[in-house]
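Structural description and commentary
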Amino acid sequence: MMKRLCLSLVAIAVNLAVFAQTVQDGVKFLYYEQYQKAKEVFNKLVAANPADAEANYWLGQTLIDDDSVAAARAHYAKAMTATSQNPLIMVGMGHVELLEKKNAEARAHFDAAIEVTKSKKNKNFGDPQILAAVGRANAGGGTDIGDPVYGIEKLNQASQLDPTNPEIMLNIGISQLKRGGEYGGEAKKAFDAALERNPKYAKSYMRIGRIFETQKNTPLFLENYNKAIEADPAFSPAYLQLYTYYQNRDVNKAKELLDKYIANTEKNRETDFFYADYLFRAGKYQESLAKAKELEATLNGEAYPKIHKLFAYNYDRLGDSITAKKEMDLYMTQENPAKLTGDSYAYMAALALKADKDAVKAEENITKALAVDTVLENKIGYMRTLADAFAANQDFKGQYKWLNNMMAIRADTTARNYYFIIDAAIKAGEYGAADSFSSKYIASYPDQPQGYFMRNKAAILADADTSLGTALPAIEQYNAFLMADTAKNKNRIISNIGYKVYYFANKAKDYPKAIEALNEILALDPSNSYALSAKKQLEQILNKKSLTPKKTTGKLNNPVNSNSKYLKQYSVS
């Protein structure tokens, strides 16, 4: 009897604990991005009281934050009836409509919700909860979602009526960023104001960190992500953000952060995904594939786009670019277009070349990458990715084109960049461009040999049969540089002069200039047998002593022919 009583008391205690959960408990789970736990709380509250406007509103917000917009619409449509069109639910439906790009309908719901509450709360502004919800809706989504100026107006009104809620200031900051990079300072002020309201509000440190991350200010964004953890060690999104930073830099540090993320969040498909991602970063491609396939088996056919991107990465590293391309196609098809980032398009471009050798598709994807990413450094990275992919395909025209496009949006005048773009231009047959970039290289780095050598190489290739002599200025410039150390560079100098001898003797038929060039060789190497022999032949021609017409052809023997060892020695490779 006593045992039954104890069990009954335990059951009652459990039930009380369940029903004791409040909307704020669910909102806290949502703050920590623990969507399943948040949904469980809100679903129970709604089941207990279908007319509970707050529980219904936050359940819809959880669905939105968890990328279930269609489910959020269905939920809010049902809640509109259950709550007799409560203003908060009207705002929730407006939020869905913004995400669906139905801006006029959304605005009508927002304005109507505010108007209803003006008579019940503040006659000028309305209810701060409604105003904050309108601001939250307009702060959400990408830069093309909502009206940030309208959202900021309502959030400022909410801030006056509710001076303690840090989320209001957070959403002002997010909305300022949606207005453009020039509003980054205003966004930072709003995020700081959120921390003044609640110094433990880790999400605000995260947002400040993201500002510095877009500015490539590594010390400050790492500092703020770590401050988020210091403010709230249970704030798992900060561990995940740091994991993302270290995943390609320090695999051991990344593993440590991933373990902390998993320990501080709910176990779900996301935690399984990130563990599979870690295995990929650690170079354990087969293990990563196996873990990802285990996860895929639990989805029961439900779309989970990013798993296909992880499959693509693994197959690509394992040498199967065909399967990698198929998986990436699935990812691009299934993912929400608003979430397709520049790096995804750039990777798709590289795979289009690698798997299909499809330059058109590759360039289409890079164009999309450049359109969706506003960060200049990222744009340059995407162009370099495509240039490298073209080079791997031995398509040097494509490589040169995209290296040149990089230079057009931000000139990279480092010696290393000059070398690669000149090399690509030469291989692509763009000899005029190679000469132009080589001249810039020489002007910027006059003490380095590569600029002279590559200008010389391009000039010779541009005059393939040596008939024009247009390579001579580049050769003279190169030799002038080499003459600074004749002991070290003697053979190269003589080889370059050999080109001049060949041109003047065989193409221009300017024997005196050919002899002058031979004298340059003899000044460096007085016993040079080739120069001595060729000079003797040319002098005989000039003296009309050894030159006799061929009876069969009536042509003269070329005294210096293309088989000369100096022309063989002269190499442009």
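Residues numbered from 1 in each chain as written. Predicted model: local features only at pLDDT ≥ 70, side-chain atom pairs only at ≥ 80, totals over all residues. Heavy atoms only, no water.

A short note on the packing of helix 18 (residues 306-317) against helix 20 (residues 342-356)
Between two packed helices, what matters for the description is the angle formed by their axes and the separation of those axes. Taken N-terminus to C-terminus, the directions of helix 18 and helix 20 make an angle of 40 degrees; their axes are 12 Å apart at the nearest point. Here helix 20 runs oblique to helix 18, going by the angle between their axes. Judged by the sense of rotation from one axis to the other, the crossing of helix 18 with helix 20 is left-handed. Residue-level inspection shows Lys 309, Ala 312, Tyr 313 and Asp 316 of helix 18 in contact with helix 20, the latter providing Asp 343, Ser 344, Tyr 347, Leu 351 and Lys 354. (Axes fitted to C-alpha atoms, helices over the stretch in contact; angles between N-to-C directions. Helix = DSSP H or I, 4+ residues; strand = E, 2+ residues; numbered from the N terminus. Parallel < 35°, antiparallel > 145°, perpendicular 65-115°, else oblique. Left-handed = near helix turned anticlockwise from the far one by under 90°. Contact = heavy atoms within 4.5 Å.)

Structural notes on the environment of Asn 479
Its place among the elements puts Asn 479 in helix 27 (residues 472-482). Since its relative accessible area comes to 6%, Asn 479 is described here as buried. The contact partners of Asn 479, leaving out residues within four places of it in the chain, are Arg 492, Ile 493, Asn 496 and Ile 497. (Buried < 20%, exposed > 50% of the residue type's maximum accessible area, 1.4 Å probe, protein only.)

Here we look at the layout of surface pockets
Approximately 160 Å³ is the volume attributed to the second largest pocket. As for the second largest pocket, its lining consists of Lys 325, Asp 329, Met 332, Tyr 345, Met 348, Ala 352, Lys 361, Glu 364, Asn 365 and Lys 368. Contributing elements (two or more residues each) for the lining of the second largest pocket: helix 19 (321-334), helix 20 and helix 21 (359-372). No other element matches helix 21, which puts 4 residues into the lining of the second largest pocket. (1 Å grid on protein atoms, 1.4 Å probe; cavity = no way out; pocket = protein on both sides within 12 Å on 5 of 7 lines; lining within 4 Å. Points joined across faces, edges and corners; volume = space filled by probe spheres on them.)

Section: the confidence of the model for the protein
Looking at the protein as a whole, its pLDDT mean stands at 89, while 90% of the residues score no less than 70. Predicted confidence for residues 549-573 stays below pLDDT 50, and this span has 50 contacts to residues more than four positions away or in other chains. (pLDDT = per-residue confidence, 0-100.)

Some details on helix 19
With 14 residues, helix 19 should reach 20 Å at 1.5 Å per residue; the first-to-last C-alpha distance of 20 Å fits that figure. Within the sequence span of helix 19, burial applies to Ser 321, Ala 324, Lys 325, Glu 327, Met 328, Tyr 331 and Met 332. Seen from one end, helix 19 has its buried residues packed into an arc of 165 degrees, which puts them on one side. In helix 19, the exposed positions that point more than 90 degrees away from the buried face belong to Lys 326 and Thr 333. (Expected span 1.5 Å × (residues − 1). Arc of directions from axis to C-beta.)

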